[in-house]
Amino acid sequence: MAMEGTTTDSEQKISIPEDLAIKEPLIGKEPLCSKDRNGYSNWMVILSTSVAVWGSFVFGVAVGFSSPTQAQIREDLNLSLGEFSVFGSIVTLGALVGAIASGHITDLLGRKGAMRSSSIVCIIGWLAIYFAKGPVSLDIGRICTGYGVGVLSYVVPVFIAEIAPKTLRGALTTLNQLFCVIGLSMTYIIGIFVTWRMLVLTGLIPCIILLVGLIFIPESPRWLAKVGRQNEFENSLMELRGKDADVTEEATEILEYIATIDSLPKARIQDAFHRQYIRPVTVGVGLMFFQQAGGVNGILFYASETFKSAGFASGSLGTIMMGCFQVPLTILAAVLMDRSGRRPLLMISASGMFLGSFITAISFFLKSHGIYLELSPGLALTGILVYIGSFSIGMGAIPWVMMSEIFPINMKGIGGSLVTIMSWFGSWAVSYSFNFLMSWSSYGTFFIFSSMCALALVFIFKVVPETKGRTLEEIQASMKPTTLR
């Protein structure tokens, strides 16, 4: 409850500057296609999303590329295990650099400009890998692809969230994670049948599709409004909503919000820890911390060896099952996102990840102590599939969705960079330490992961808000601190 005598948010609205005000209703004359219940046509939003998520596909390919290619690359280029380990893990360091730069690049070049430049860097990286004759070219290519996907991992969900109407935002933003999963799964499966140089095309071709597709879609209207390109803002919003849709109210709301934000001092990195922004930072960084602390990238990077450790003769079958298992459940998450809401899916997801980790830990415990050895492989497979399935319906996609929703436009670059940095730093820490942890204690490793999933459940219940069915401006206003009586 607000303190008596204080001013409410609605009373604090700042008037839109005369040169940015909507002077006449923004409505076209001709219908383009069927409309949703708000009178909006969604075909351009869907087309724009379909183009952007090719960046997410590249993300998945980059993460999964080292898994099926290890033996071939080491044999063809005569690499030591240490040299290949550097090649496999250095992508996360490149992505960390990309994550640090992502907010500034996205604010400076725009959402399309950031995707375009990242695609070019990824293309350079994939070509360096394709033509590599030794470890130096491999590592340079891997760093470039890592940098590119580090930027893409931030800008793709932000772009989708900023162009989508609130009724579709959750489902469309979840496509970011879906295409990551599809890219990862296709890399696992195709890599069994083709040479490692041919597998490079799995990452190279989507970059070219993204680069060409960006020509045909509009820029984010919220970014255009933020940088003062008024005519382009109006045209972009009408193109996204349909020529027959009246977007006057939405345009006014966006401009009012940006006018309010522009009245504030220019955001600096230390402002992310100011009382006004600490809650969205806590939610965004906290969700990404628990996403990684649950151990997902250790399992994804070393799935084959994990299955072998559990008693399987080969890890290929389990790895393929794991990759295929993610796709339908990520689609289910996209369907449920705007129906059941973010919080319920996150809580179900964290609970399932806890259960899956715990079952896997029990499997390794039994194997380590020579008890019920015949049950160990089946329990491990069950536990990992439960874990991956649960991750796919919530903790995989929703932290990225919420990152794109909770930060106000003036803090989106800085806040989004912090969240993306946490994701990639966590990915590096888990993927680097996983083998050492498994050498120390295989069941202890998964007991640690299950404990982190339990803590994630508490964090979600206590801290994370629901954002379903609300505009970005409503979400961000609701996360401002309130003064209590």
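Computed from a prediction, not measured in an experiment: that's the story for all the values here.

Re the confidence of the model for the chain
- Averaged over the chain, the pLDDT score is 82; the fraction of residues at 70 or greater is 87%.
- In the model, residues 1-15 has pLDDT below 50 throughout and makes 18 contacts with residues more than four positions away in sequence or in other chains.
- Under a pLDDT of 50 for its full length, residues 24-34 has, in the predicted model, 28 contacts with residues more than four places off or in other chains.

So, the side chain of N176
- Within the secondary structure, N176 sits in helix α5 (residues 169-193).
- Relative accessible area serves as the criterion here: at 4%, N176 is assigned to the buried category.
- With sequence-adjacent residues up to four places away left out, N176 is seen in contact with V53, S56, V156, P157 and W400.

Re the pattern of salt bridges
- Summed over the entire model, instances satisfying the criterion amount to five salt bridges.
- Measuring nitrogen to oxygen at the nearest pair gives 3.3 Å for the salt bridge that ties R111 to D107. Within this pair, R111 and its partner D107 are both found in helix α3 (residues 81-130), separated by four residues, close to a single helical turn.
- Given the relative accessible area of 22%, D107 is considered partly exposed.
- In this structure, R111 and E162 form a salt bridge, with 2.8 Å as the shortest nitrogen-oxygen distance. With R111 in helix α3 and E162 in helix α4 (residues 135-163), this residue pair connects regions lying 51 residues apart in the sequence.
- On the basis of relative accessible area, R111 is assigned to the buried category, the value being 0%.

Some points on the nonpolar core
- Grouped together as the largest cluster of nonpolar side chains are 105 residues, with contacts concentrated most on F65, I73, W126 and L138.
- Broken down by element, the residue count for this core peaks at 13 residues, all from α3.
- Filtering out sequence-adjacent residues up to four positions away, F65 remains in contact with I73, F87, W126, I129, R142, T187, W196, L199 and V200.
- Listed in part, the 15 residues of the second largest apolar core include A245, V247, I254 and I261.

Procedures and definitions
Residues numbered from 1 in each chain as written. Predicted model: local features only at pLDDT ≥ 70, side-chain atom pairs only at ≥ 80, totals over all residues. Heavy atoms only, no water. pLDDT = per-residue confidence, 0-100. Contact = heavy atoms within 4.5 Å. Helix = DSSP H or I, 4+ residues; strand = E, 2+ residues; numbered from the N terminus. Buried < 20%, exposed > 50% of the residue type's maximum accessible area, 1.4 Å probe, protein only. Salt bridge = Lys/Arg side-chain N within 4 Å of Asp/Glu carboxyl O. Core = buried A, V, L, I, M, F, W, Y, C linked by side-chain atoms within 4.5 Å.

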